[in-house]
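Fold and contact review
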Amino acid sequence: GAVVSQHPSWVICKSGTSVKIECRSLDFQATTMFWYRQFPKQSLMLMATSNEGSKATYEQGVEKDKFLINHASLTLSTLTVTSAHPEDSSFYICSARADSANTEAFFGQGTRLTVV
Amino acid sequence: GENVEQHPSTLSVQEGDSAVIKCTYSDSASNYFPWYKQELGKRPQLIIDIRSNVGEKKDQRIAVTLNKTAKHFSLHITETQPEDSAVYFCAATFYSSASKIIFGSGTRLSIRP
């Protein structure tokens, strides 16, 4: 299958700072990218959906100003957690889809964020 | 609303027996239903998917069935093996403000030797 690379795989930051996570599709053009958050022993909760060149569509309850998503090219999307707090500590994982809505989405390896 | 319900949350089966995980979805317009396997600390891996134009799909020991009328789909794993132990997620596509993939709550499958 196609390859999606997410970086960093883990990060520790101080409360109040910002953290940027990158998601790259290495061998295909990702029309759509998804950002999920997963707490321990829980499901993947969709945070936002982004299409290249347009604003991300956020799920209800997800703060747009706190979780900044940029999808500037067909191979790169970024998630920036601004003014991070300990409750933002989680596993963040992206996925990317090439074209139509009923095709496979490929996942990055995830980023474990710990805010201290 | 956009919702995927998954049952059971945990499942323990004897090695060699079959395992069945069931999901329902809320939107009759959904037409793509992937199943993912996730091992601890790793990314979800697609194991099988089905589109709404078919009712069943099989890949070796894994099969998925879809009932569009009932908005219900199921994962069947036969002849289970220890390496099948993992968390399994069903998912469905929804087409509201954006085309998105929503996940079920997950099933932790344990295979007893």
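For the structure itself, consult the block above.
Let us look at the structure shown here. Remember, predicted model here, so these are calculated numbers, not experimental data.

**Digging into the overall build of chain B**
If you tally the helices and strands in chain B, you get 0 helices and 11 strands. Sequence-ordered secondary structure for chain B, helices as α and strands as β, is β-β-β-β-β-β-β-β-β-β-β. In terms of overall size, chain B behaves like a compact globule, its C-alpha atoms giving a radius of gyration of 14 Å where 113 residues would be expected to give roughly 13 Å. Within chain B, buried positions represent 45% of all 113 residues. At a minimum sequence separation of 6, the contacts of chain B that also span at least 24 residues come to 54%. As presented, chain B carries roughly 5,400 Å² of accessible surface, and 47% of it is formed by carbon and sulfur atoms.

**Looking at the sheet that holds strand β7 (residues 67–73) of chain A**
Residues and elements named next belong to chain A. The sheet built from 4 strands is open, its strands ordered β1-β3-β8-β7 with antiparallel pairing. Across the chains shown, the open sheet's two edge strands, defined by having one partner strand only, are β1 (4–7) and β7. Going across the sheet, the axis of each strand differs from the next one's by a mean of 15°, ignoring polarity. Two strands pair when backbone bridges link them, and β7 and strand β8 (residues 76–81) are joined in this way by 5 bridges, in the antiparallel orientation. Its bridge partner being in β8, S73 is matched across the sheet by L76.

**Remarks on the interface of chain A and chain B**
Counting from both sides, the interface comprises 24 residues of chain A and, opposite them, 24 residues of chain B. Of the roughly 1,800 Å² buried between chain A and chain B, counting both surfaces, carbon and sulfur atoms make up 54%. Counting every contact that joins chain A to chain B gives 1 salt bridge. Of the charged contacts, one joins K100 of chain B and E59 of chain A as a salt bridge, the two residues approaching to 2.8 Å between their closest N and O atoms. Scanning the region where chain A abuts chain B turns up 9 residue pairs in polar contact (both at pLDDT 80 or more).

**Describing the nonpolar core**
Grouped burial of nonpolar side chains is what soluble globular proteins tend to show. Formed by 40 residues in total, the largest nonpolar core has its most connected members in Y36 of chain A together with W35, L75 and F103 of chain B. The greatest single-element share of this core, amounting to 8 residues, is contributed by strand β9 (residues 86–95) of chain B.

**Thoughts on the pairing of strand β4 (residues 32–38) of chain B**
All names here are of chain B. In terms of burial, β4 is a largely internal element, 7 of the 7 residues being buried. What you see with β4 is no split at all: Y32, P34, Y36 and Q38 on one side and F33, W35 and K37 on the other are buried throughout. Here 6 bridges tie β4 to strand β5 (residues 45–51), and the two strands are oriented antiparallel to one another. Its bridge partner being in β5, Y36 is matched across the sheet by L46.

**Observations concerning the sheet that holds strand β6 (residues 56–59) of chain B**
Within a sheet, adjacent strands bond to each other through the backbone by hydrogen bonds, running parallel or antiparallel. All names here are of chain B. Taken in spatial order, the 5 strands line up as β1-β3-β8-β7-β6 in an open sheet, and their pairing is antiparallel. The open sheet has two free edges, formed respectively by β1 (4–7) and β6, since each of these has just one partner strand. Going across the sheet, the axis of each strand differs from the next one's by a mean of 15°, ignoring polarity. Pairing between β6 and strand β7 (residues 62–67): 4 bridges, direction antiparallel. Bridge pairing links K57 to V64 in β7.

Analysis parameters
Residues numbered from 1 in each chain as written. Chains lettered and ligands numbered in written order. Predicted model: local features only at pLDDT ≥ 70, side-chain atom pairs only at ≥ 80, totals over all residues. Heavy atoms only, no water. Helix = DSSP H or I, 4+ residues; strand = E, 2+ residues; numbered from the N terminus. Rg over C-alpha atoms; globule rule 2.2 N^0.38 Å. Buried < 20%, exposed > 50% of the residue type's maximum accessible area, 1.4 Å probe, protein only. Contact = heavy atoms within 4.5 Å. Areas by Shrake-Rupley, 256 points an atom, 1.4 Å probe, with all protein chains shown as cover. Pairing = 2+ DSSP bridges. Axes fitted to C-alpha atoms, helices over the stretch in contact; angles between N-to-C directions. Buried area = accessible area lost by both parts, 1.4 Å probe. Salt bridge = Lys/Arg side-chain N within 4 Å of Asp/Glu carboxyl O. Polar contact = N/O pair within 3.5 Å; in protein donor to acceptor, adjacent residues only side chain to side chain. Core = buried A, V, L, I, M, F, W, Y, C linked by side-chain atoms within 4.5 Å.

Any link to function would need more than the numbers given here.
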